[in-house]
Amino acid sequence: MGDSHPYDRVSVHEALGGGSVADLLLWKKWYGGVVLLVSATTLWFLFERAGYNFLSFVANVLLLLVAILFFWGKSASLLNRPLPPLPDLEISDHSVEKAAEAIRVWVNHVLSVARDIAVGRNLKTFLQVGFLLWAVSYVGSLFNFLTLVYIGILLSLSVPLLYDKFQDRIDEKLCQTHRVLQTQYRKIDENLLKKIPIPQTKEKKIQ
């Protein structure tokens, strides 16, 4: 039996940011999840099954929207009615800076991993990155990009909710799996990886 004493643990809602996105993924506001699920399913069906072209579909939707707004504005001026309630569509400097900071952190992490492989000759990191890229390539060969996005949306709307409901059981199984993988990796590291010679860079001595 595992430890039964209570311990501090971040909830799934807090791990997801605790905002509207977390409410959406955990179905706190069920209508938002329904709208996202129905919209994603409809778009996937139109482009994958019905054979619609994405570019022409977007152009037709925008054309319809522009026409509605134009005739709404014209009729509002003639009939003395209120204009279409359009918000100020502009991106704030804070949003741009926040997005740029997130991209900078991600790019620096990727460059750090690349340096660790190329300069540091970290065999463990090389194998992990190689396996991840192979897995992405294999999955990408089975599905096209739109289907992968649709599957990602379905998983986003189901996995966090299931994990929130069965967190204790899932954590226990994950810990057991992690221990088994660590044991197997240590065996491979001792029997194979440590026997692979890695040339060391020799520093020239200054006379």
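Our structure is the block above this text.
Residues numbered from 1 in each chain as written. Predicted model: local features only at pLDDT ≥ 70, side-chain atom pairs only at ≥ 80, totals over all residues. Heavy atoms only, no water.

1. Remarks on the overall build of the chain
Turning to step 1, where the next piece is worked out: Secondary structure assignment for the chain yields eight helices and zero strands.
Turning to step 2, where the next piece is worked out: Counting the 207 residues in the chain, one finds 11% classified as buried.
Turning to step 3, where the next piece is worked out: Looking at the chain alone, contacts between residues at least 24 apart form 48% of all its contacts between residues at least 6 apart.
Turning to step 4, where the next piece is worked out: Carbon and sulfur atoms make up 66% of the accessible area of the chain, which totals about 17,900 Å². (Helix = DSSP H or I, 4+ residues; strand = E, 2+ residues; numbered from the N terminus. Buried < 20%, exposed > 50% of the residue type's maximum accessible area, 1.4 Å probe, protein only. Contact = heavy atoms within 4.5 Å. Areas by Shrake-Rupley, 256 points an atom, 1.4 Å probe, with all protein chains shown as cover.)

2. Some points on a nonpolar patch on the surface
Turning to step 1, where the next piece is worked out: On the surface, Phe131, Trp134, Tyr138, Val139, Leu142, Phe143 and Leu148 cluster together to form a nonpolar patch covering roughly 720 Å² of accessible area.
Turning to step 2, where the next piece is worked out: Per-element tally for the nonpolar patch: the top contributor is helix α6 (residues 123-142), with five residues. (Patch = residues over 30% accessible without salt bridge, like charges linked within 9 Å, V, L, I, M, F, W, Y side chains within 5 Å. Salt bridge = Lys/Arg side-chain N within 4 Å of Asp/Glu carboxyl O.)

3. Considering unusual backbone geometry
Turning to step 1, where the next piece is worked out: Positive phi values are uncommon outside glycine, yet Trp27 reaches one of about 60°.
Turning to step 2, where the next piece is worked out: In this structure, Trp27 sits in the loop between α2 (20-25) and α3 (30-49).
Turning to step 3, where the next piece is worked out: Assessed through its relative accessible area of 25%, Trp27 is described here as partly exposed.

4. What about the packing of helix α5 (residues 93-118) against α6?
Turning to step 1, where the next piece is worked out: The N-to-C vectors of α5 and α6 enclose an angle of 125°; their axes lie 8 Å apart at closest approach. Our classification of the angle between α5 and α6 gives oblique. Of the two elements, α5 crosses α6, and the hand of that crossing is left-handed. Counted together, Val113, Asp116 and Ile117 of α5 and Thr125, Phe126 and Val129 of α6 form the full contact between these two elements.
Turning to step 2, where the next piece is worked out: Class assignment for the residues of the contact of α5 with α6 results in four nonpolar, one polar and one charged. (Axes fitted to C-alpha atoms, helices over the stretch in contact; angles between N-to-C directions. Parallel < 35°, antiparallel > 145°, perpendicular 65-115°, else oblique. Left-handed = near helix turned anticlockwise from the far one by under 90°. Nonpolar A, V, L, I, M, F, W, Y, C, P; charged D, E, K, R; others polar.)

5. Structural notes on helix α7 (residues 145-165)
Turning to step 1, where the next piece is worked out: Taking 1.5 Å per residue, 21 residues should reach 30 Å; α7 reaches 30 Å between its end C-alpha atoms and fits that length.
Turning to step 2, where the next piece is worked out: At Leu155, α7 shows its strongest bend, of approximately 25°.
Turning to step 3, where the next piece is worked out: Within α7, the full set of buried residues consists of Thr147, Tyr150, Leu157 and Pro160.
Turning to step 4, where the next piece is worked out: Tucked into the core, α7 has its buried residues touching α1 (12-15), α2 and α3. (Expected span 1.5 Å × (residues − 1). Bend = angle between axes of the 7 residues up to and from the residue.)

6. Some details on the pattern of salt bridges
Turning to step 1, where the next piece is worked out: Counting across every chain of the model gives one salt bridge.
Turning to step 2, where the next piece is worked out: Among the ionic pairs, Arg104 bridges to Glu101, the shortest N-O distance being 2.6 Å. Separated by three residues within a single helix, Arg104 and Glu101 lie in helix α5, roughly one turn from each other.
Turning to step 3, where the next piece is worked out: Judged by relative accessible area, Arg104 falls into the partly exposed class, the value being 42%.

7. Brief notes about the packing of α3 against α7
Turning to step 1, where the next piece is worked out: Where α3 meets α7, the axes come as close as 10 Å, and the angle between the chain directions of the two elements is 160°. In terms of axis orientation, α3 runs roughly antiparallel to α7. The handedness of the crossing between α3 and α7 comes out as left-handed. Here Gly33, Leu36, Leu37, Ala40, Thr41, Trp44, Phe47 and Glu48 of α3 come into contact with α7, specifically with Leu146, Thr147, Tyr150, Ile153, Leu154 and Leu157.
Turning to step 2, where the next piece is worked out: Looking at side-chain class alone, the contact of α3 with α7 contains 10 nonpolar, three polar and one charged residues.

8. So, the environment of Tyr163
Turning to step 1, where the next piece is worked out: Note that Tyr163 resides in helix α7.
Turning to step 2, where the next piece is worked out: Assessed through its relative accessible area of 24%, Tyr163 is described here as partly exposed.
Turning to step 3, where the next piece is worked out: Separated by 151 residues in sequence, Tyr163 and Val12 place their C-alpha atoms 7.8 Å apart.
Turning to step 4, where the next piece is worked out: Apart from the residues within four sequence positions on either side, Tyr163 is in contact with Val12, Ile170 and Asp171.

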